[in-house]
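An overview of the molecular structure
As a plain string of letters, each chain reads:
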Amino acid sequence: MAETPFSRRQNAFLLSPDPDLAKLLTGLWPDEVMRFMVFERGRRAIEHLFNDPPDLLVVDNRLPDISGAEVATLVKSENVYRQLPVILVLDQADLDHSWDWDQVEVDDFLVRPLRGEEARARVNLTMLRAMRALDANPLSKLPGNTSIIQRIQSLIDRKEDFALAYCDLDYFKSFNDKYGFSRGDEVLMMSARVVVNTIKAYGGPRTFVGHVGGDDFVFITPPETVELTCRKVVESFDAIVPQFYDAKDREQGCIRSTDRQGQVRTFPLMAVSIAVIFNRGGRLKHYGEASALAMSLKKKAKENPKSCYVLDQREG
């Protein structure tokens, strides 16, 4: 699986009466990478699909009982399956007619005669595009948990040296409770921009930024640039975040809000805490180790009420 673009075997449905098409597509990937279930009629496949949805749907427009465009529309009309990638296989004659692509809900199309390498590349790209869209954080559009885990594990497997930083916002909940979710979302978008722009400016070429969710972000940089990057993130965040508070709260440097126990308390202005761990010389074996180390270190960072970063200097 390490030589494929997927982290697990993909299950695909091929809806086609064409044995040559079935032979071509099923031969493009080893069975442990992608397994095709072939249906010669569309309506029978749809019954299976709603009970056991695949990772990919390839639909031949030559189906005898229903057009490929109709199959795609049926599938995409179900909210649960809207994210399922659908590829339509057409003949050149189909394209000679006037197609209204705005009304055909497919993610890509292939035209006969198919070339194996091109077909495999376009199917892979379609599926990876769908995975990225599904994984992306809906607010920041940054890669989400699945992409974060895959990137960390990939670096570990390749035994590359890297620094992994987990950062979150302190006192964000109290801000959200007082000012509302809309203003809170603005703070999260600002935080995402600060991290992304700082990484772009100081992190170097081998970098990555992800949004775990809520007020939690991660970034990956080379070990030699991470401390400068953390310092710049802290400086930028502290310079911008006071502008999100009303003038009175900004002047007094705190707000009054309700805590998790329902008690009214005074909270400082928001701060950012960053915990950084290192993978040097193949120290880490699994992304779970990285997460556990970072979480314990983040508790240390949060002991400081002001924005700060903490570097893990342990080597074992």
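Residues numbered from 1 in each chain as written. Predicted model: local features only at pLDDT ≥ 70, side-chain atom pairs only at ≥ 80, totals over all residues. Heavy atoms only, no water.

Concerning the nonpolar core
Counting 35 residues, the largest nonpolar core has Val187, Phe219, Met270, Ile274 and Val276 as the members making the most contacts within it. At the level of secondary structure, the elements contributing two or more residues to this core comprise β6 (162-170), α7 (172-179), α8 (181-202), β8 (216-221), α9 (226-240) and β11 (271-279). For this core, the element with the most residues is α8, which contributes 7 residues. When neighbours within four sequence positions are excluded, Met270 is seen to be in contact with Asp170, Tyr171, Phe172, Phe175, Val187, Phe237, Val241 and Tyr245. In terms of nonpolar packing, the next biggest core, distinct from the first, is built from 21 residues, Leu63, Tyr81, Leu84 and Val86 among them. (Core = buried A, V, L, I, M, F, W, Y, C linked by side-chain atoms within 4.5 Å. Buried < 20%, exposed > 50% of the residue type's maximum accessible area, 1.4 Å probe, protein only. Helix = DSSP H or I, 4+ residues; strand = E, 2+ residues; numbered from the N terminus. Contact = heavy atoms within 4.5 Å.)

Section: the sheet that holds strand β2 (residues 34-39)
An order of β2-β1-β3-β4-β5 is seen for the 5 strands of this open sheet, with the pairing classed as parallel. Strand pairing shows two members of the sheet lacking a second neighbour, β2 and β5 (108-111), which therefore form its edges. Taken over all neighbouring pairs, the strand axes of this sheet differ in orientation by 20° on average, direction set aside. With 4 bridges connecting them, strand β4 (residues 86-90) and β5 associate as parallel partners. The residue of β5 that forms the bridge with Leu88 is Phe109. Its contacts with the sheet put helix α1 (residues 19-26) on β1 (10-15), β2, β3 (56-60) and β4, and the angle it makes with β2 is roughly 170°. In this fold helix α3 (residues 68-76) packs onto β1, β3 and β4, with an angle of close to 155° to the strand it touches most, β3. (Pairing = 2+ DSSP bridges. Axes fitted to C-alpha atoms, helices over the stretch in contact; angles between N-to-C directions.)

Considerations on the packing of aromatic side chains
On inspection of all chains with the given rule, the structure shows 5 aromatic pairs. Here Phe175 and Tyr245 contribute two aromatic rings whose centre-to-centre distance is 5.0 Å and whose plane-to-plane angle is 75°, an arrangement assigned as edge-to-face. Within this pair, whereas Phe175 is found in helix α7, its partner Tyr245 is found in the loop between α9 and α10 (247-252), the two being separated by 70 residues in sequence. Its relative accessible area of 0% is what places Phe175 among the buried residues. (Phe/Tyr/Trp six-rings, centres within 6.5 Å; stacked < 30°, edge-to-face > 60°.)

Side note on the pattern of salt bridges
Enumeration according to the criterion identifies 24 salt bridges in this entry. Note that Arg35 is salt-bridged to Asp31, the shortest N-O span being 2.8 Å. Among the residues examined, Asp31 registers a relative accessible area of 40% and is labelled partly exposed. The closest approach of N and O atoms between Asp168 and Lys302, which form a salt bridge, is 2.9 Å. (Salt bridge = Lys/Arg side-chain N within 4 Å of Asp/Glu carboxyl O.)

Here's the deal with the packing of α7 against α8
As a packed pair, α7 and α8 sit with axes 7 Å apart at the nearest point and diverge in direction by 140°. Judged on the interaxial angle alone, α8 and α7 are oblique. For the pair α7 and α8, the contacting residues are Phe172, Phe175, Asn176 and Tyr179 in the first and Phe181, Arg183, Gly184, Val187 and Leu188 in the second. Grouping the constituent residues of the contact of α7 with α8 by class yields 6 nonpolar, 2 polar and 1 charged. (Parallel < 35°, antiparallel > 145°, perpendicular 65-115°, else oblique. Nonpolar A, V, L, I, M, F, W, Y, C, P; charged D, E, K, R; others polar.)

Observations concerning the side chain of Asp312
Topologically, Asp312 is positioned in the segment after β12 (308-311). Residue Asp312 is classed as buried on the basis of its relative accessible area of 2%. Beyond its immediate stretch of four places on either side in the chain, Asp312 contacts Val276, Ile277, Phe278, Arg283, Leu293 and Leu297.

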